[in-house]
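Reading the structure
Letter by letter, the chains look like this.
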Amino acid sequence: MDLRIFTEPQQGASYDTLLAVAKATEDLGFDAFFRSDHFLRMGSVDGLPGPTDAWITLAGLARETKRIRLGTLMTAGTFRLPGVLAIQVAQVDQMSGGRVELGLGAGWFEEEHKAYGIPFPKEKIGRLEEQLEIVTGLWQTKVGDTFDFHGTYYDLTGSPALPKPAQEKIPVLVGGHGATRTPRLAARYADEFNMPFASIEDSERQFARVRAAAEDAGRRPEDLVYSNALVVCVGKDDQEVARRAAAIGREVDELKANGLAGTPSEVVDKIGRYAQTGASRFYLQVLDLADLDHLELISAQVQSQLS
């Protein structure tokens, strides 16, 4: 059972804050540090000091960590051209010694596009499919060969398909709630399918769709990793749970219903129920990045029980 720390820096975090969380993630034995890819805060927070770029952040962390995996949930397909993204991710993978994973999504938050002058196309899923084919195709092209792609949205001719990642294959994550196209994209391109912020019942239904799509694509369903992303709020007792919930502006009952919240034993029990659907990896959405004691508690009293 992998536990990964997942951060939302657009809500307010400097690079130094993210570095502190990433180092704690490594020191405390978690599997990976992931971050969102957004340029605008959500909700009532001020978002100060302002957004940080996902792949610039991960490049820095690649040089300042040694063991943990590094990646995105999810890189927005609207932010970067696929050829440029393939170069960026391959370079960060080299900088990390082969510890990078790419979560790639269609992009959805229209307001951040307006705020920073980024085009927000109507047809995003079709673009995402082409992006997945291009990025993976560039990495898979042998050195000395060239890569060509002629699609509806992107056109590449005679690409040298360089640089190559350090890993033979960078793991690709696809995720989401879509009932048809999302499972099909995961079955064709992904090494992992992630179900974000969903109930046990909804996760079970979506995992079943992905398994069926994998079979239709000629893949073994068990060759994919199935994961959940869920907000986390753990306390040694009810009072500490309430304090941590208040710090992120949430109600305890709501967090328990929709995330991994409560005492360590409560959280371990709920992770076990998600695991019965086939999930073997959890992205713990940590919203108070100054509370490193929270990570210590999860490591000592949740992760220890799962391992």
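Structure shown above.
Attention in this report is confined to the structure presented alongside it. (Residues numbered from 1 in each chain as written. Predicted model: local features only at pLDDT ≥ 70, side-chain atom pairs only at ≥ 80, totals over all residues. Heavy atoms only, no water.)

Looking only at helices and strands, the chain has 11 helices and 12 strands in total. A globule of 307 residues ought to have a C-alpha radius of gyration of about 19 Å, and the chain, at 19 Å, matches this closely. Taken along its principal axes, the extent of the C-alpha atoms in the chain is 60 × 45 × 35 Å. Within the chain, the proportion of its 307 residues that are buried is 53%. Considering only contacts within the chain whose residues lie at least 6 apart along the sequence, 72% involve residues at least 24 apart. Carbon together with sulfur atoms contributes 50% to the accessible area of the chain, which is approximately 13,500 Å² in total. Here the chain contributes 33 positive and 44 negative side-chain charges, whose respective centroids are spaced 3 Å apart. (Helix = DSSP H or I, 4+ residues; strand = E, 2+ residues; numbered from the N terminus. Rg over C-alpha atoms; globule rule 2.2 N^0.38 Å. Buried < 20%, exposed > 50% of the residue type's maximum accessible area, 1.4 Å probe, protein only. Contact = heavy atoms within 4.5 Å. Areas by Shrake-Rupley, 256 points an atom, 1.4 Å probe, with all protein chains shown as cover. Lys, Arg positive; Asp, Glu negative; His and termini not counted. Charge placed at Lys NZ, Arg CZ, Asp CG, Glu CD.)

Before going further, it helps to spend a moment on the pattern of salt bridges. One pass over the structure, following the stated rule, counts 23 salt bridges. A salt bridge links Asp291 to Arg244; its shortest N-O distance comes to 2.5 Å. Pair noted here: Asp291 is in the loop between strand 12 (281-286) and helix 11 (292-306) and Arg244 is in helix 8 (residues 238-247), with a separation of 47 residues, a long-range link. Each member of the pair Asp291 and Arg244 is classed as buried. The salt bridge involving Arg250 is made with Glu254; its shortest N-O contact spans 2.9 Å. (Salt bridge = Lys/Arg side-chain N within 4 Å of Asp/Glu carboxyl O.)

The full count for this structure, using the stated rule, is 7 aromatic pairs. With a centroid separation of 4.6 Å and an interplanar angle of 25 degrees, the aromatic rings of Phe39 and Phe79 are classed as stacked. In this pair, Phe39 is assigned in the loop between strand 2 (32-35) and helix 2 (54-64) and Phe79 in the loop between strand 4 (75-76) and helix 3 (82-96), connecting sequence segments 40 residues apart. Exposure remark for Phe39: the relative accessible area of 17% places this residue in the buried category. Since its relative accessible area comes to 16%, Phe79 is described here as buried. A ring pair is formed by Phe193 and Phe207, whose centres lie 6.3 Å apart and whose planes are at 90 degrees; its orientation type is edge-to-face. Taken as a pair, Phe193 in strand 9 (residues 192-196) and Phe207 in helix 7 (residues 200-216) lie far apart in primary sequence, 14 residues in all. Of the residues examined, Phe193 reaches a relative accessible area of 0% and is grouped as buried. Ring pairing ties together the aromatic residues Phe39, Phe79 and Tyr116, which thus form one cluster. (Phe/Tyr/Trp six-rings, centres within 6.5 Å; stacked < 30°, edge-to-face > 60°.)

Below, the discussion takes up the packing of helix 10 (residues 264-275) against helix 11. Running from N to C, helix 10 and helix 11 cross one another at 40 degrees; their axes reach a closest spacing of 10 Å. Judged by the inter-axis angle, helix 10 sits oblique to helix 11. Remark: the crossing between helix 10 and helix 11 carries right-handed chirality. Of helix 11, the residues touching helix 10 (which contributes Pro264, Val267, Val268 and Ile271) are Leu297, Gln301, Val302, Gln305 and Leu306. Its residues assigned to classes, the contact of helix 10 with helix 11 comprises 7 nonpolar, 2 polar and no charged. (Axes fitted to C-alpha atoms, helices over the stretch in contact; angles between N-to-C directions. Parallel < 35°, antiparallel > 145°, perpendicular 65-115°, else oblique. Left-handed = near helix turned anticlockwise from the far one by under 90°. Nonpolar A, V, L, I, M, F, W, Y, C, P; charged D, E, K, R; others polar.)

On to the pairing of strand 3 (residues 69-72), then. On strand 3, burial covers both faces: Arg69 and Gly71 on one face and Leu70 and Thr72 on the other are all buried. Looking at chain direction, strand 2 and strand 3 are connected through 4 bridges and run parallel. Looking across to strand 3, one finds that Ala32 is bridged to Arg69. Each parallel crossover has a hand, and the one from strand 2 via helix 2 to strand 3 is right-handed. Across 2 bridges, strand 3 lies against strand 5 (residues 100-105) in parallel orientation. Bridging across to strand 5, Leu70 finds its partner in Val100. (Pairing = 2+ DSSP bridges. Right-handed = clockwise from strand over helix to strand, strands pointing away.)

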